[in-house]
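Chain by chain, the residues:
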Amino acid sequence: MAYNSETIGFPVGAVLWITTTPAALTAVGEALATHDEIAHAAATAGPCSIVATAVVRNTADLYAYLSGPLGRLEGVQHVESSVFLRRVKQLTHQRPPR
């Protein structure tokens, strides 16, 4: 059986467009890599500095992540988020056990 975030109890996904100060780009990216909620993060060229995918159990957990760990990161200036409404393809991602 293939496992994805939905089958292991994390059905809510969102793409995050994160704007950082130039000096904070590396530190924010490295911090995101340690966050359990983040399945993928990459530095980008364009209107935002980082694009990331968050996977959580519900929208309350997404809110808690955005207003808590992500919102407290020094150097984060702006975050836009879009919740996935329907997935048509997804690579397998397993979150580490808590």
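Residue positions are given per chain, counted from 1 along the sequence in the order it is written. This being a predicted model, a pLDDT of at least 70 is required before a residue's local features are given, and a value of 80 or more before pairs of side-chain atoms are given or counted; all residues contribute to the totals for chains, interfaces and linings. Each side-chain value is derived from all of the structure's non-hydrogen atoms; neither hydrogens nor water enter the calculation.

1. Comments concerning the pairing of strand β3 (residues 50–56)
Argument step 1. Under the scheme applied here, a residue whose accessible area is under 20% of the maximum for its type counts as buried, over 50% as exposed, and between as partly exposed, the area being computed with a 1.4 Å probe on protein chains only. In this description a helix means any DSSP run of H or I spanning at least four residues, a strand means any run of E spanning at least two, and both kinds are numbered starting from the N terminus. Of all 7 residues making up β3, 6 are buried, and the element is well covered by its neighbours.
Argument step 2. At least two DSSP bridges between two strands are required for those strands to pair. Of the pairings in the sheet, the one linking strand β1 (residues 12–20) to β3 comprises 7 bridges and is antiparallel in character. When the bridges of β3 are listed, A14 appears paired with A54.
Argument step 3. In this structure, strand β2 (residues 38–43) lies alongside β3, joined through 5 bridges in antiparallel fashion. Counterpart to I38 in the pairing with β3 is A54.
Argument step 4. Counted between consecutive antiparallel strands, the loop separating β2 from β3 contains 6 residues, among which G46 sits at a positive phi close to 140°.

2. Topic: helix α1 (residues 25–34)
Argument step 1. Regarding α1, the residues found buried are V28, A31 and L32. Burial along α1 is one-sided: seen end-on, the buried residues are contained in an arc of 100°. For α1, the exposed residues set more than 90 degrees away from the buried face come down to T26, E30, A33 and T34.
Argument step 2. On its buried face, α1 sits against β1, β2, β3, α2 (59–67) and β4 (76–83). Note that the arc is computed from the directions linking the helix axis to the C-beta atoms. Whether two residues are in contact is decided by their heavy atoms: any pair within 4.5 Å suffices.

3. Notes on the side chain of T20
Argument step 1. Structurally, T20 is set in strand β1.
Argument step 2. Given the relative accessible area of 5%, T20 is considered buried.

4. Side note on the side chain of T19
Argument step 1. Here T19 shows up in strand β1.
Argument step 2. Using a relative accessible area of 19% as the deciding quantity, one classes T19 as buried.
Argument step 3. Those residues in contact with T19, other than ones at most four positions away along the chain, are P47, C48, S49, G75, V76, Q77 and H78.

Read these as spatial facts, not as claims about activity.
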